[in-house]
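Observations on the model geometry
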Amino acid sequence: MVLSIFIGKIITNLKYWGRCEPITSKTLQLLNDLSIGYSSVRKLVKLSAVQFMLNNHTSEHFSFLGINSQSNLSDMRCRTTFYTALGRLLMVDLGEDEEQFAQFMMPLTAAFESMAQMFSSNSFNEQEAKRSLVGLVRDLRGIAFAFNAKSSFMMLFDWIYPAYMPILQRAIELWFHDPACTTPILKLMAELVHNRSQRLQFDVSSPNGILLFRETSKMITTYGNRILTLGELPKEQLYVLKLKGISICFSVLKAALSGSYVNFGVFRLYGDEALDNALQTFVKLLLSVPHSDLLDYPKLSQSYYSLLEVLTQDHMSFIASLEPHVIMYILSSISEGLTALDTMVCTGCCSCLDHIVTYLFKQLSRSGKKRGAPPPQESERFLHIMQQHPEMIQQMLSTVLNIIIFEDCRNQWSMSRPLLGLILLNEKVTRLHYVRASYHFLGHLSAIFDAFLCLLVFL
């Protein structure tokens, strides 16, 4: 009875106060909180009011789902919260019932079909099309976030691919310069490729993992190549118009590469350029960002270093094949990130550095042996570049040792990971730091001894 009163009030607010953003957002937050509890959500599903919401989530009954020409595109964020709650409620009894899922998705299916007709006609109201698409994408992101089970997420994937992916690609091509439109689309893509709770598990004979990465690569490449044509931007608009989209692209690529549902060796084996296109677009986007901006914007730095950690762990051959100036840019960014205030960034840099020095040490060990197959060409190039710039490894070893010995290190375990490889690659610098640390320690002992003598004299 208490829950029915809550839901009744929630529906009343959403029906009659849909144009008032503060009331709508707080009401939806309450609905979202109620949908999280294990026991409460099962009681909520039994209420007729909740079943009404699941069967009638349209603008006719909830005005905030409609297109309001007076509001901004950013005001539609509450729709994601609404559909996240509905998705959790739907999953309680959904199982593998495709008919129930299709019935729930009917309003969104109709909206996508309408968008497809708009794009095919090539004559449509651009602002109205943007509002329709942004609202639809935010709805889908809420559903995708709620569907953590494999069965439900596979139904959503089969619904959106391949029927409606071209619409999202077309929108990126048309409105790449408008972050209010591209940001929700890229965030939806980031959610679709996120293997949360191992929900992206395809059958052995299914090509869907590779096909999903193809679509991801196409979207990243399309957006990346177009966003770089904007040229110089004012400092106050740089993050909104460019860096935010780049940050989300890094997050999308990181989620796709670390999802463990794609065998990336297949792309090179069969001459598919999807992986190479995505990685080359990453390099182009990275080189367009100054070093200072990587650390000035927290979201950008976190997405970049987490992606770099995945690349150095699983795709080190690609890193080794890059041009010398790109490799030096990446190493410089790691060196600067080691001293970052953000612990997550610092930890990611330590992990990246550990993978790089391990790769270097293995290649050096193989090149010193006369037996065995010759090392790959990219490995030899990478070793040659590092031999031309030994100061980079020396500087990072110096930075790591200084942090461990002289500073209040908050992540000693992470800092210790690349230490062995750095020491083996650079023994002379290690000896110098050992001497410095010894002098530092002896200096402390000397000061303590002097203080002790003064105290004795005073007594």
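To start, this report covers the structure provided alongside it. Everything quoted here is computed from the prediction, not taken from an experiment. Numbers given to residues run from 1 along each chain, matching the order in which its sequence is written. Local features in this predicted model are restricted to residues whose pLDDT is 70 or higher, and side-chain atom pairs enter the listing and the counts only when it is 80 or higher, whereas totals over whole chains, interfaces and linings include all residues. Side-chain metrics rest on all non-hydrogen atoms present in the structure, leaving aside hydrogens and water.

1. Description of the overall build of the protein
The way it works is that DSSP assigns letters per residue, a run of H or I at least four long becomes a helix, a run of E at least two long becomes a strand, and they are numbered from the N terminus. If you tally the helices and strands in the protein, you get 25 helices and 0 strands. Burial classification: accessible surface area is computed with a 1.4 Å probe over protein chains only, and a residue below 20% of its type maximum counts as buried, one above 50% as exposed, and the rest as partly exposed. Looking at the protein as a whole, 49% of its 459 residues qualify as buried. By definition, residues are in contact when any of their heavy atoms lie within 4.5 Å. Pairs at least 24 apart in sequence give 76% of the contacts found in the protein among residues at least 6 apart. Surface exposure here means Shrake-Rupley accessible area, sampled with a 1.4 Å probe, where a residue is shielded only by the protein chains that are shown. Carbon and sulfur atoms provide 55% of the accessible area of the protein, an area that totals close to 23,100 Å².

2. Points about the packing of aromatic side chains
Between 30 and 60 degrees the pair is tilted, below 30 it is stacked and above 60 it is edge-to-face, where a pair is any two Phe, Tyr or Trp rings, Trp via its six-membered ring, whose centres lie within 6.5 Å. As enumerated under the stated definition, the model contains 20 aromatic pairs in all. Ring centres 5.7 Å apart and planes at 20° place the aromatic pair Phe 157 and Tyr 161 in the stacked group. Across the pair, Tyr 161 and Phe 157 agree in class, each one buried. Arranged with centres 5.1 Å apart and planes meeting at 10°, the rings of Tyr 239 and Tyr 297 form a pair that is stacked. Separated by 58 residues along the polypeptide, Tyr 239 in helix 13 (residues 235–257) and Tyr 297 in the loop between helix 16 (291–296) and helix 17 (298–314) bring together distant segments of the chain. Linked through ring pairs, Phe 62, Phe 64, Phe 82 and Tyr 83 together constitute an aromatic cluster.

3. Remarks on the layout of surface pockets
For the largest pocket, the calculated volume is near 600 Å³. Around the largest pocket, the lining comprises 22 residues; the ones closest to its centre are Ala 190, Ser 247, Ile 248, Ser 251 and Ser 303. Secondary-structure elements contributing two or more residues to the lining of the largest pocket are helix 11 (179–192), helix 13 and helix 17. Under the scheme applied, nonpolar residues are Ala, Val, Leu, Ile, Met, Phe, Trp, Tyr, Cys and Pro; charged residues are Asp, Glu, Lys and Arg; polar residues are all the others, including Gly. Tallied by class, residues from the lining of the largest pocket come to 6 nonpolar, 9 polar and 7 charged. Any residue with an atom within 4 Å of a point lines the site, the site being either a cavity, points on a 1 Å grid over the protein atoms alone where a 1.4 Å probe fits but cannot get out, or a pocket, an open set with protein on both sides within 12 Å along at least 5 of 7 lines. Grid points are joined across faces, edges and corners, and a volume is the space filled by probe spheres set on the points. Its boundaries defined by the atoms lining it, the second largest pocket holds a volume of some 350 Å³. Taken together, 19 residues form the lining of the second largest pocket, with Leu 65, Arg 79, Pro 107, Ala 111 and Asp 139 sitting closest to its centre.

4. Remarks on a nonpolar patch on the surface
Each patch is built from salt-bridge-free residues with over 30% relative accessible area, joining like charges within 9 Å and nonpolar side chains (Val, Leu, Ile, Met, Phe, Trp, Tyr) within 5 Å. What counts as a salt bridge is simple: a side-chain nitrogen of Lys or Arg found within 4 Å of a carboxyl oxygen of Asp or Glu. Together, Val 2, Ile 5 and Phe 6 give the surface a local cluster of nonpolar side chains, amounting to about 300 Å² of exposed area. Position of Phe 6 among the secondary structure elements: in helix 1 (residues 2–16).

5. What about the pattern of salt bridges?
Tallying each qualifying case throughout the model produces 10 salt bridges. One salt bridge in this structure joins Arg 196 and Glu 191, with 2.5 Å as the shortest N-O distance. It is possible to trace a salt-bridge network through shared partners that takes in Glu 126, Lys 130 and Asp 178.

6. Quick notes on helix 2 (residues 21–34)
What a helix is expected to span follows from its residue count: subtract one and scale by 1.5 Å. Compared with the 20 Å implied by 1.5 Å per residue over 14 residues, the 20 Å span of helix 2 between its first and last C-alpha is a close match. What helix 2 keeps buried is the set Thr 24, Thr 27, Leu 28, Leu 31, Asn 32 and Leu 34. Taken end-on, helix 2 shows its buried residues confined to a sector of 160°, consistent with a single buried face. Here the arc refers to the set of directions running from the helix axis out to each C-beta atom.

7. So, the nonpolar core
Nonpolar side chains in soluble globular proteins tend to end up buried together. Take the buried Ala, Val, Leu, Ile, Met, Phe, Trp, Tyr and Cys residues and link them wherever side-chain atoms come within 4.5 Å; each set so joined is a nonpolar core. Formed by 148 residues in total, the largest nonpolar core has its most connected members in Phe 82, Leu 133, Leu 156, Trp 159, Leu 168, Phe 213 and Leu 257. Residue contributions to this core peak at 11 residues, all from helix 13. Leu 133 has contacts with Met 115, Ile 167, Leu 168, Ala 171, Trp 175, Cys 181 and Ile 185, leaving out every residue within four places of it along the chain.

8. Some details on the environment of Ile 185
Note on placement: Ile 185 falls in helix 11. Note on Ile 185: relative accessible area 2%, which makes it buried. In this structure, the C-alpha to C-alpha distance between Ile 185 and Arg 141, residues 44 residues apart in sequence, is 8.8 Å. In this view, Ile 185 contacts Leu 133, Val 137, Leu 168, Ala 171, Ile 172 and Met 219; residues no more than four positions away in its chain are not counted.

9. Considering the packing of helix 5 (residues 78–94) against helix 8 (residues 126–146)
Axis geometry follows a simple rule: fit a line to the C-alpha atoms, using only the stretch in contact for helices, then measure angles between N-to-C directions, giving values from 0 to 180 degrees. The contact between helix 5 and helix 8 brings their axes to 7 Å, and the two run at 40°. It follows that helix 5 is oblique to helix 8 by the angle criterion. As helix 5 packs across helix 8, the resulting crossing turns out to be right-handed. Contacts from Arg 79, Thr 80, Tyr 83, Thr 84, Gly 87, Arg 88 and Met 91 in helix 5 reach Gly 135, Leu 136, Arg 138, Asp 139, Arg 141, Gly 142, Ile 143, Phe 145 and Ala 146 in helix 8. Residue classes in the contact of helix 5 with helix 8 are distributed as 6 nonpolar, 5 polar and 5 charged. Angle categories: roughly parallel below 35 degrees, roughly antiparallel above 145, roughly perpendicular from 65 to 115, and oblique for all the rest. For a crossing to be left-handed, the near helix must be turned anticlockwise from the far one by less than a right angle; the clockwise case is right-handed.

10. Topic: the packing of helix 19 (residues 324–337) against helix 21 (residues 377–388)
Helix 21 packs onto helix 19 with a crossing angle of 65° between their chain directions and a minimal axis gap of 11 Å. Pair helix 19 / helix 21 crosses with right-handed handedness. Facing Pro 324, Ile 327, Met 328 and Leu 331 of helix 19, the residues of helix 21 in contact are Arg 381, Phe 382, Ile 385 and Met 386. Tallied by class, residues from the contact of helix 19 with helix 21 come to 7 nonpolar, no polar and 1 charged.

11. Things to note about unusual backbone geometry
Tyr 161 connects to Pro 162 through a cis peptide bond whose omega is 5°. Considering the arrangement of structural elements, one finds Pro 162 in the loop between helix 9 (150–160) and helix 10 (165–174). Positive phi outside glycine occurs at Gln 198, with the angle close to 55°. Notably, Ser 260 is not glycine yet its phi reads approximately 60°, a positive angle. By the element assignment, Ser 260 lies in the loop between helix 13 and helix 14 (265–269).

12. Quick notes on helix 13
Helix length check: helix 13, at 23 residues, gives a terminal C-alpha distance of 32 Å against a target of 33 Å (1.5 Å per residue), a fit within 8%. Think of it this way: the bend at a residue is just the angle between two axes, each fitted to seven residues, one set ending at that residue and the other starting at it. The axis of helix 13 is deflected most strongly, by about 45°, at Leu 243.

13. Notes on the side chain of Gln 363
Locating Gln 363 in the fold gives a position in helix 20 (residues 343–368). The buried category is assigned to Gln 363, whose relative accessible area is 5%. The definition of a polar contact used here is a pair of N or O atoms within 3.5 Å, where within protein one atom must be able to donate a hydrogen and the other to accept one, and adjacent residues in sequence count solely through side-chain atom pairs. Of the polar contacts made by the side chain of Gln 363, one reaches the side chain of Ser 379; its length is 3.5 Å.

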